[in-house]
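Residue-level listing of the chains:
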Amino acid sequence: MAGYDTLKLWLPNYEAPECDLLAEIPLMLNERVDLHNHNQAEVIVLGYHRNLRVSVRPSGVSIEGSANKYLLGQNLETISREQAKEYIGSISHELNLPLHLAKVSRIDFSDNMEMEYKPETYLKKLGAARHFKRFEKDKGLKYHKANCDLIFYDKIAEMNKT
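Attention here is on the structure that accompanies the text. Not measured: the values here are computed from a predicted model.

## Considering the overall build of the chain
Working step 1: The secondary structure content of the chain amounts to 5 helices and 9 strands.
Working step 2: Secondary structure of the chain in N-to-C order comes out as β-α-β-β-β-β-α-α-β-α-β-β-β-α.
Working step 3: Per-residue burial for the chain yields a buried fraction of 32% across its 162 residues.
Working step 4: Contacts spanning at least 24 positions in sequence make up 49% of the contacts within the chain whose residues lie at least 6 apart.
Working step 5: For the chain, the exposed area adds up to about 10800 Å²; of that, 52% sits on carbon and sulfur atoms.

Structure (C-alpha cells):
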C-alpha cells in the first residue's frame with residue numbers, strides 16, 4: 001500500500017513569534033553553511049538535522065527529507081498518516097518549533113513492488129505517458145508534468161550505493 005515518504009514543511013516566522021529562528025535553529029544543525037544574500041541583505045543558514053535538510057531565513061524555516069528514513073532508519077517501508085503526524089511531532093519537539101502550523105509544500109507518496117525480473121526489464125517497457133515528459137535518469141525513469149513527477153527506480157540498488 002502506498003504511503004508517505006518525503007515531506008517538505010515551511011514554517012513562516014509569524015507562526016513562531018516566540019522563537020528567534022536565525023539565532024536558535026542553526027545551533028541545532030550539522031554541516032551548517034551561512035550564506036549572505038547581498039541583494040536582499042539577509043542571511044540564510046543551511047544545514048541538516050539528522051537526515052533532514054533545513055534552511056533558515058528571516059522569513060521562516062524550511063525542513064525537507066524522508067520521513068521514512070527519519071522514523072525507521074530506511075525507506076524500504078512506507079509510513080502511514082499517523083506515523084507522518086508522529087514524524088512532524090518529533091521534529092517539532094527536537095527543534096522546539098510549532099510545526100503543526102507549518103505548510104506542507106511538498107509530499108511524496110511511494111510504494112514498493114516486488115518484481116519477478118530485474119527492474120531494468122520493466123523500465124525498458126515503459127514508454128510515453130500522456131501529458132508527461134519522459135526522462136531516463138540514473139538507472140531509472142522520471143515522468144514529469146507541472147507539479148507532478150512519477151519516478152521508477154531500483155530501490156534496493158539505491159540503498160546499496162549508500
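Still more to cover.
## Let's talk about the pattern of salt bridges
Working step 1: What the rule picks out here adds up to 9 salt bridges.
Working step 2: Across the pair Glu136 and Arg134 runs a salt bridge, and its minimum N-O distance is 3.4 Å.
Working step 3: Each of Arg53, Glu64, Arg106 and Asp108 takes part in one network of salt bridges that share partners.

## Quick look at the environment of Phe109
Working step 1: By secondary structure assignment, the location of Phe109 is in strand 6 (residues 103-110).
Working step 2: Along the sequence, Phe109 and Ile79 sit 30 residues apart, while their C-alpha atoms lie 9.4 Å from each other.
Working step 3: When sequence neighbours within four positions are dropped, the list of residues in contact with Phe109 reads Gly3 and Tyr4.

Cut-offs and rules
- Residues numbered from 1 in each chain as written.
- Predicted model: local features only at pLDDT ≥ 70, side-chain atom pairs only at ≥ 80, totals over all residues.
- Heavy atoms only, no water.
- Helix = DSSP H or I, 4+ residues; strand = E, 2+ residues; numbered from the N terminus.
- Buried < 20%, exposed > 50% of the residue type's maximum accessible area, 1.4 Å probe, protein only.
- Contact = heavy atoms within 4.5 Å.
- Areas by Shrake-Rupley, 256 points an atom, 1.4 Å probe, with all protein chains shown as cover.
- Salt bridge = Lys/Arg side-chain N within 4 Å of Asp/Glu carboxyl O.

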